[in-house]
Amino acid sequence: MQHITSEEIAAMEKLFRLNLINSVTGYKSANLIATKSAENGANVAVFSSVTHLGSNPALLGFITRPTKAVPRNTYKNIKENKYFTVNHIQKDMIESAHQTAAKYEEEISEFQKTGLEEEYLDSFYAPYVKQSIVKLGCKFVNEYFIKENDTVMVIGAIEHIYFDEGIQAPDGWLRLDDAETVTINGLDGYALPNLLDRFHYARPEQEIKSFFKKED
């Protein structure tokens, strides 16, 4: 088994280290975050750091770098206008979604350059991505500066949820493999998960029960 120490990590070539550390923590969520600027219109960018924070209230978070060194249009727009959308990346969108990572000038919309389409629903300020099967409308509620690596965790309240009805189970759970929602491996690898099983709530000293496998 390969063994790498923290000293060896620090001494690695930058791109090699970036690829290793971004992939070693496992598969990540694959989302497009869309915002709108009053001056420059809509913006959309791929993020692999969106994560669930709680269901009551319904909160999510994602990591971004602050705008001191390099312009971060998504972060800037959220701070100015408070609203953003989180849109799942589906199997047939991966090339367009990945292209949003390119460093376009602030006045150029990634929607125009990638073939992704803006969609405005229920008078929400920020655009959704029309091609996405699962979309969330969020409002900025807080941010936390992470001094260890000069990043910011942005916290959003989920105000709207849209998805195709056919992917929802009777208990509310969304079967994302039916939506062909992809995940990200590292920074640039896209994978389509294969759902193996789903289990009932785990309790001490009780047998694990599957939703999918019938009992004998």
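Right above here is the structure, for reference.
Residues numbered from 1 in each chain as written. Predicted model: local features only at pLDDT ≥ 70, side-chain atom pairs only at ≥ 80, totals over all residues. Heavy atoms only, no water.

Enquirer: How should I be thinking about the sheet that holds strand 2 (residues 31-37) in this particular structure?
Expert: Sheets are built from strands that pair by backbone hydrogen bonding, the pairs being arranged parallel or antiparallel. Reading across the sheet, the 7 strands line up as 3-2-6-9-10-5-4 and stay open at both edges, with antiparallel pairing between neighbours. The sheet is open, and its two edges are formed by strand 3 (41-47) and strand 4 (51-55), each paired on a single side. This sheet shows a mean twist of 35° between the axes of neighbouring strands, independent of strand direction. Summarising the sheet, strand 4 and strand 5 (residues 58-64) pair through 4 bridges and their orientation is antiparallel. Among the inter-strand pairings, G54 is bridged to a residue of strand 5, identified as L59. With respect to the sheet, helix 3 (residues 73-81) is in contact with strand 2, strand 3, strand 5, strand 6 (83-88), strand 9 (134-146) and strand 10 (151-163), its orientation differing from that of strand 2 by roughly 55°. (Pairing = 2+ DSSP bridges. Helix = DSSP H or I, 4+ residues; strand = E, 2+ residues; numbered from the N terminus. Axes fitted to C-alpha atoms, helices over the stretch in contact; angles between N-to-C directions. Contact = heavy atoms within 4.5 Å.)

Enquirer: Honestly, helix 3 in this entry has me stumped. Any pointers?
Expert: Three or four residues apart is the spacing at which side chains of an α-helix point the same way, because the helix has 3.6 residues per turn. Taken together, the buried positions of helix 3 are occupied by N73, T74, Y75, N77, I78 and N81. On the buried face of helix 3, the contacting elements are strand 2, strand 3, strand 5, strand 6, strand 9 and strand 10. Following helix 3 by one or two positions, K82 has its phi on the positive side, about 75°. (Buried < 20%, exposed > 50% of the residue type's maximum accessible area, 1.4 Å probe, protein only.)

Enquirer: Help me understand the pattern of salt bridges in this model?
Expert: As a working rule, side chains carrying opposite charge can pair if their charged atoms are close by. Summed over all chains, the structure comprises 8 salt bridges. Residues K79 and E143 are paired through a salt bridge, measuring 2.8 Å at the closest nitrogen-oxygen approach. Here E143 lies in strand 9 and K79 lies in helix 3, a separation of 64 residues in the sequence. Residue K79 is classed as partly exposed on the basis of its relative accessible area of 30%. (Salt bridge = Lys/Arg side-chain N within 4 Å of Asp/Glu carboxyl O.)

Enquirer: Would you mind going over the packing of aromatic side chains with me for this structure?
Expert: In this description, an aromatic ring pair is defined by two values, namely the gap between the centres and the angle between the planes. A full pass over the atoms with the stated rule returns 6 aromatic pairs. Between W173 and F212, the aromatic rings sit 6.3 Å apart at their centres with planes inclined by 50°, giving tilted as the arrangement. Within this pair, whereas W173 is found in the loop between strand 10 and strand 11 (183-185), its partner F212 is found in the segment after strand 12 (189-191), the two being separated by 39 residues in sequence. We classify W173 as partly exposed; its relative accessible area is 26%. Taken together, the aromatic side chains of Y83, F124, Y128 and Y162 make up a single cluster linked through ring pairs. The ring centre of F212 lies 5.1 Å from the NZ or CZ of R175, which sits over that ring. The positively charged end of R198 is found above the aromatic ring belonging to F211, 4.1 Å away from the centroid. (Phe/Tyr/Trp six-rings, centres within 6.5 Å; stacked < 30°, edge-to-face > 60°. Lys NZ or Arg CZ within 6 Å of the ring centre and 35° of its normal.)

Enquirer: So what exactly am I meant to see when it comes to the sheet that holds strand 1 (residues 28-29) here?
Expert: Across the sheet, which stays open at both edges, the 3 strands sit in the order 1-11-12 with antiparallel pairing between neighbours. Edge strands, defined here as strands with exactly one partner in the open sheet, are strand 1 and strand 12. The pairing of strand 11 with strand 12 spans 3 bridges and is antiparallel. The partner of T183 across the bridge, within strand 12, is A191.

Enquirer: Whenever I open this one, the nonpolar core confuses me. Can you help?
Expert: Most often, soluble globular proteins keep nonpolar side chains buried together rather than apart. In terms of nonpolar packing, the biggest core is built from 15 residues, with I33, V50, L60, F62, F84, V86 and V154 touching the most fellow members. In terms of residue count, the dominant contributor to this core is strand 9 (3 residues). Not counting chain neighbours up to four residues away, the residues in contact with V50 comprise S29, N31, I33, L60, G61, F62 and V86. (Core = buried A, V, L, I, M, F, W, Y, C linked by side-chain atoms within 4.5 Å.)

Interpretation note: all reported values are geometric properties and have no functional meaning in isolation.
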